[in-house]
Amino acid sequence: MRLTIRDGLATVFVAAATAVYIPWVTGAAITGWSVRVTAAVVFALGFAACLTAQKQMAVVYGVTGEGPRPLMAYVVLTSAIGALALVAGVIALVTGSAAMLAMLTASMAGLWVLATARHTLASGSGSRSRRPMKSV
């Protein structure tokens, strides 16, 4: 599978979130923002990146019934990291925890790396179907 415009958009959103977080955490820029404001921006950019991958997520979770689904280990890993990002983001927004903001940013970047690697490495030729074979 080759990378699509949606992968490019997700890259832009994740890069923008990283470009907000790193200068904020180092104190190089955006010094007037609180943890909650920075968390809201990073969370929103991560959510936008997630929305760009709706079609791929439908394939991963078997909603569409199209195309080969990834290994269950990939589905479990990305689901766990996604849940971690969601929980860390909510905690960062509610409590203003800088540690949870770091966890949100790191997990969002990790999800982007995994998804982009899967989209880059997945081959369209080896179509595996998860549907059971009909008996004759």
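Preceding block: the structure.
(A) Region of interest: a nonpolar patch on the surface. A grouping of Leu 86, Val 90, Leu 93 and Val 94 is seen on the molecular surface, where their side chains present a nonpolar patch of about 330 Å² in accessible area. One can find Leu 86 in helix H4 (residues 72-95).

(B) Molecular detail of the packing of helix H1 (residues 5-26) against helix H2 (residues 35-51). Their axes nearest at 8 Å, the elements H1 and H2 cross at an angle of 165 degrees. As summarised for this structure, H1 and H2 are arranged roughly antiparallel, according to the angle between their axes. Crossing hand, H1 versus H2: left-handed. Every residue of H2 that contacts H1 at Ala 10, Phe 13, Val 14, Ala 16, Ala 17, Val 20, Tyr 21 and Trp 24 is listed here: Val 35, Thr 38, Val 41, Val 42, Leu 45, Ala 48 and Ala 49. Of the residues belonging to the contact of H1 with H2, the class tally is 14 nonpolar, 1 polar and no charged.

(C) Main features of the layout of surface pockets. The computed volume of the largest pocket comes to approximately 760 Å³. Together, 30 residues line the largest pocket, and Gly 46, Cys 50, Met 57, Gly 82 and Leu 111 are the ones closest to its centre. Sorting the residues of the lining of the largest pocket by element identifies H1, H2, helix H3 (54-60), H4 and helix H5 (98-121) as the ones contributing at least two each. Tallying contributions element by element places H5 first for the lining of the largest pocket, with 8 residues.

(D) Focus on the packing of aromatic side chains. Throughout the structure, instances matching the rule amount to 1 aromatic pair. Aromatic pair Tyr 21 and Trp 24: ring centres 6.3 Å apart, planes at 40 degrees, arrangement tilted. Of this pair, Tyr 21 and Trp 24 both sit in helix H1, 3 residues apart, roughly one helical turn. Judged on exposure class, the residue Tyr 21 and its partner Trp 24 are both buried.

(E) H1, seen in detail. Spanning 22 residues, H1 covers 32 Å between terminal C-alpha atoms, matching the ideal 32 Å at 1.5 Å per step. For H1, every residue scored as buried is listed here: Asp 7, Ala 10, Val 14, Ala 17, Val 20, Tyr 21, Pro 23 and Trp 24. In the segment just after H1, Gly 27 is the residue with positive phi, at about 80 degrees.

(F) Main features of the side chain of Arg 118. For Arg 118, the location among the structural elements is in helix H5. Not counting residues up to four positions away in its chain, the partners in contact with Arg 118 are Gln 56, Val 60, Pro 70 and Tyr 74.

(G) The arrangement of the nonpolar core in detail. Ranked by internal contacts, the top residues of the largest apolar core, which has 17 residues, are Ala 17, Tyr 21, Trp 24, Val 42, Leu 101, Leu 104 and Met 108. For this core, the secondary structure elements donating two or more residues are H1, H2, H4 and H5. The biggest single contributor to this core is H1, with 6 residues. Once residues lying within four places of it in the same chain are set aside, the contact partners of Tyr 21 are Val 42, Leu 101, Ala 102 and Thr 105.

(H) Up close: the environment of Gly 96. Structurally, Gly 96 is set in the loop between H4 and H5. When its relative accessible area of 24% is taken as the criterion, Gly 96 is described as partly exposed. Distance in space between the C-alpha atoms of Gly 96 and Ala 39 is 8.0 Å, their sequence separation being 57 residues.

(I) Examining the environment of Val 25 more closely. Along the polypeptide, Val 25 turns up in helix H1. Residue classification places Val 25 among the partly exposed residues on the basis of a relative accessible area of 45%. Placed 13 residues apart in sequence, Val 25 and Thr 38 show a C-alpha to C-alpha distance of 9.5 Å.

Conventions used here
Residues numbered from 1 in each chain as written. Predicted model: local features only at pLDDT ≥ 70, side-chain atom pairs only at ≥ 80, totals over all residues. Heavy atoms only, no water. Patch = residues over 30% accessible without salt bridge, like charges linked within 9 Å, V, L, I, M, F, W, Y side chains within 5 Å. Areas by Shrake-Rupley, 256 points an atom, 1.4 Å probe, with all protein chains shown as cover. Salt bridge = Lys/Arg side-chain N within 4 Å of Asp/Glu carboxyl O. Helix = DSSP H or I, 4+ residues; strand = E, 2+ residues; numbered from the N terminus. Axes fitted to C-alpha atoms, helices over the stretch in contact; angles between N-to-C directions. Parallel < 35°, antiparallel > 145°, perpendicular 65-115°, else oblique. Left-handed = near helix turned anticlockwise from the far one by under 90°. Contact = heavy atoms within 4.5 Å. Nonpolar A, V, L, I, M, F, W, Y, C, P; charged D, E, K, R; others polar. 1 Å grid on protein atoms, 1.4 Å probe; cavity = no way out; pocket = protein on both sides within 12 Å on 5 of 7 lines; lining within 4 Å. Points joined across faces, edges and corners; volume = space filled by probe spheres on them. Phe/Tyr/Trp six-rings, centres within 6.5 Å; stacked < 30°, edge-to-face > 60°. Buried < 20%, exposed > 50% of the residue type's maximum accessible area, 1.4 Å probe, protein only. Expected span 1.5 Å × (residues − 1). Core = buried A, V, L, I, M, F, W, Y, C linked by side-chain atoms within 4.5 Å.

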